[in-house]
Amino acid sequence: MLARPDAYRCIECGLPYRATGFWHHGGQLEHGAAYWSDRGILCSPQCSLAHHRKRAAEGTLQQSLRPTRSNSSRSAGANFPTASASGNIS
């Protein structure tokens, strides 16, 4: 069997996912980790910053953002109500 780190631990300090002190999105365990990387999850802002600094020193930071999906098939704001100058919503 291949050895690999536990997927449910902070990749910087090793804090288990369900441990006290692990930051969760919206403060709720069910919503997942509040901080993450392409290499795994991070438990806190401190570990997130430490991971960023380490990746910068290694030269392995992501160079560009992930491309967004094109919304060319929909007109802008087609699914959202708009308000007129008088405050009426249509």
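Anything mentioned here points back to the structure above.
Below: a short report on this structure. (Residues numbered from 1 in each chain as written. Predicted model: local features only at pLDDT ≥ 70, side-chain atom pairs only at ≥ 80, totals over all residues. Heavy atoms only, no water.)

Observations regarding the pattern of salt bridges
- Per the counting criterion, the structure on display carries three salt bridges.
- Note that Lys-54 and Glu-12 form a salt bridge whose closest N and O atoms lie 3.2 Å from each other. Of this pair, Lys-54 sits in helix α1 (residues 45–58) while Glu-12 sits in the segment before β1 (35–37), and the two are 42 residues apart along the sequence.
- Its relative accessible area of 38% is what places Lys-54 among the partly exposed residues.
- With relative accessibility at 26%, the residue Glu-12 sits in the partly exposed group.
- The residue Arg-55 makes a salt bridge to Asp-38 at a minimum N-O spacing of 2.7 Å. Linking Arg-55 in helix α1 with Asp-38 in the loop between β1 and β2 (40–42), this pair joins segments that are 17 residues apart in sequence. (Salt bridge = Lys/Arg side-chain N within 4 Å of Asp/Glu carboxyl O. Helix = DSSP H or I, 4+ residues; strand = E, 2+ residues; numbered from the N terminus. Buried < 20%, exposed > 50% of the residue type's maximum accessible area, 1.4 Å probe, protein only.)

Some details on α1
- In this model, α1 (14 residues) spans 20 Å end to end at C-alpha, consistent with the 20 Å of a helix rising 1.5 Å per residue.
- In this structure, the buried side of α1 is in contact with β1 and β2.
- Note on α1: the residue one or two positions beyond its end, Gly-59, has a positive phi of about 80°. (Expected span 1.5 Å × (residues − 1). Contact = heavy atoms within 4.5 Å.)

Some thoughts on the state of the cysteines
- Throughout the structure, instances matching the rule amount to zero disulfides.
- The structure places no disulfide on Cys-13, whose sulfur is separated from the nearest cysteine sulfur, that of Cys-43, by 3.6 Å.
- For Cys-13, a relative accessible area of 48% translates into the label partly exposed.
- Between Cys-47, a cysteine without a disulfide, and Cys-43, which holds the nearest cysteine sulfur, the sulfur-to-sulfur distance is 3.7 Å. (Disulfide = S-S within 2.5 Å.)

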